[in-house]
Amino acid sequence: MDSRAKIAVFISGGGSNLQSLIDASEDGRLSGEIVLVISGHDNAYGLERAFNAGIDTFVYKVKSYPSKEDAHRDLLEMLKEYEVEFIALAGYLKLLPPPVIANYKNHIINIHPALLPKYGGKGMYGSRVHEKIIKAGDKESGVTVHLVDEIYDHGKIIMQKKVSISPQDTTKSLAAKVLKLEHKLYPEALNKLICETKKI
Ligand code: GAR
């Protein structure tokens, strides 16, 4: 029997964090297998990354269903069909439907490009986060991986690492530094969650 956990990854864009999870799964740093990639946009480059790795994809748009409830039910059914045990949000910018959160309590994680609880919440994503941090003149930023609940960028922190900001740093250079750290940290944090939950 394959004891590796079945994982779904939710994306919206480039999917570089998805790629870091795919790589970690392929080279044995992740005690899990990505069985499904779900995107909120049909033109997300991350879908191509999934395709190249032979992973099934699903474009999930609430608006293409007769009602919100139908959309939520279909998403949950899809996750069940793939026997998904853990969910990793990798740049997914919407809140997950309440039935999904309820069914996967303590099994969903998110990565955020700052030191939560600072610089989180609705609309705080990507370069907007780094721009605010540079403008505020902060001396450090970092990466946070946390459990997901019904609130944006909320939930118990399971891993956090800092990067220092030099006076020469720009929004772009800070974004690059943080993203590099994200790619290292996300597979580690997801593996930790899987191993602690499944006691392996
Ligand atoms: C990442 O920096 C991730 O931390 C951020 O979106 C980016 C996705 O990049 N997520 C958030 O800001 C969540 N609030 P990717 O598509 O290259 O992985």
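This part is about the pairing of strand β1 (residues 5-11). For β1, the buried fraction is high: six of the seven residues fall into the buried class. In this sheet, strand β2 (residues 32-39) lies alongside β1 in parallel orientation, the contact comprising seven bridges. Note that in β2 the partner of Val-9 across the bridge is Val-37. Regarding topology, helix α1 (residues 16-26) serves as the crossover connection from β1 to the parallel β2, and that connection is right-handed. As paired strands, β1 and strand β4 (residues 86-90) are joined by five bridges and run parallel to one another. Bridge pairing in β4 links Phe-10 to Leu-89.

The subject of this paragraph is the site of the ligand. The environment of the ligand is formed by 14 residues, the closest being Gly-15, Ser-16, Asn-17, His-112 and Glu-182. Between Asn-17 and the ligand, the recorded distance is 2.9 Å, taken from a backbone N or O atom to an oxygen atom. Here Met-124 contributes a backbone N or O atom positioned 3.4 Å from a nitrogen atom of the ligand. Looking at the shell around the ligand, the elements that each hand over two or more residues are α1, β5 (108-112) and α6 (171-198). Split into classes, the residues belonging to the shell around the ligand amount to five nonpolar, seven polar and two charged.

The interhelical angle for the contact between helix α5 (residues 127-136) and α6, taken along N-to-C directions, is 120 degrees, at an axis separation of 9 Å. Comparing their axes, α6 and α5 come out oblique. Helix-helix and strand crossings are classified by hand; for α5 and α6 the assignment is right-handed. On α6, the residues touching Ser-127, His-130, Glu-131, Ile-133 and Ile-134 of α5 are Thr-171, Leu-174, Ala-175 and Val-178. The class makeup of the residues in the contact of α5 with α6 is five nonpolar, three polar and one charged.

Each value, and the rule that gives it
- Note on numbering: residues in each chain are counted from 1, in written sequence order.
- Confidence filtering applies because this is a predicted model: local features only for residues at pLDDT of at least 70, side-chain atom pairs given and counted only at 80 or more, and all residues used for totals across whole chains, interfaces and linings.
- In computing side-chain values, all of the structure's heavy atoms are included and hydrogens and water are not.
- Burial classes follow relative accessibility: with a 1.4 Å probe on protein chains only, a residue under 20% of its type's maximum area counts as buried, one over 50% as exposed, and anything between as partly exposed.
- Only DSSP runs of H or I with at least four residues qualify as helices, and only runs of E with at least two residues qualify as strands; both kinds are numbered from the N terminus onward.
- DSSP-based pairing: two strands are paired if at least 2 bridges between them are found.
- We call a crossover right-handed when, viewed with both strands directed away from the observer, the connection leading from the first strand over the helix to the second proceeds clockwise.
- Think of it this way: one heavy atom of a residue within 4 Å of a molecule or strand is enough to make that residue near it.
- Whenever two N or O atoms come within 3.5 Å, that pair is a polar contact, provided that in protein one can donate a hydrogen and the other can accept it, and provided that, for residues adjacent in sequence, both atoms are side-chain atoms.
- Under the scheme applied here, ten amino acids are nonpolar (Ala, Val, Leu, Ile, Met, Phe, Trp, Tyr, Cys and Pro), four are charged (Asp, Glu, Lys and Arg), and all others, including Gly, are polar.
- Fitted lines through C-alpha atoms serve as axes, helices being fitted only where they are in contact, and the angles separating the N-to-C directions of these axes extend from 0 to 180 degrees.
- The labels follow the angle: roughly parallel below 35 degrees, roughly antiparallel above 145, roughly perpendicular from 65 to 115, and oblique for the rest.
- We call a crossing left-handed when the near helix sits turned anticlockwise from the far one by less than a right angle, and right-handed when that turn is clockwise.
- The contact rule is simple, with two residues in contact once any of their heavy atoms fall within 4.5 Å.

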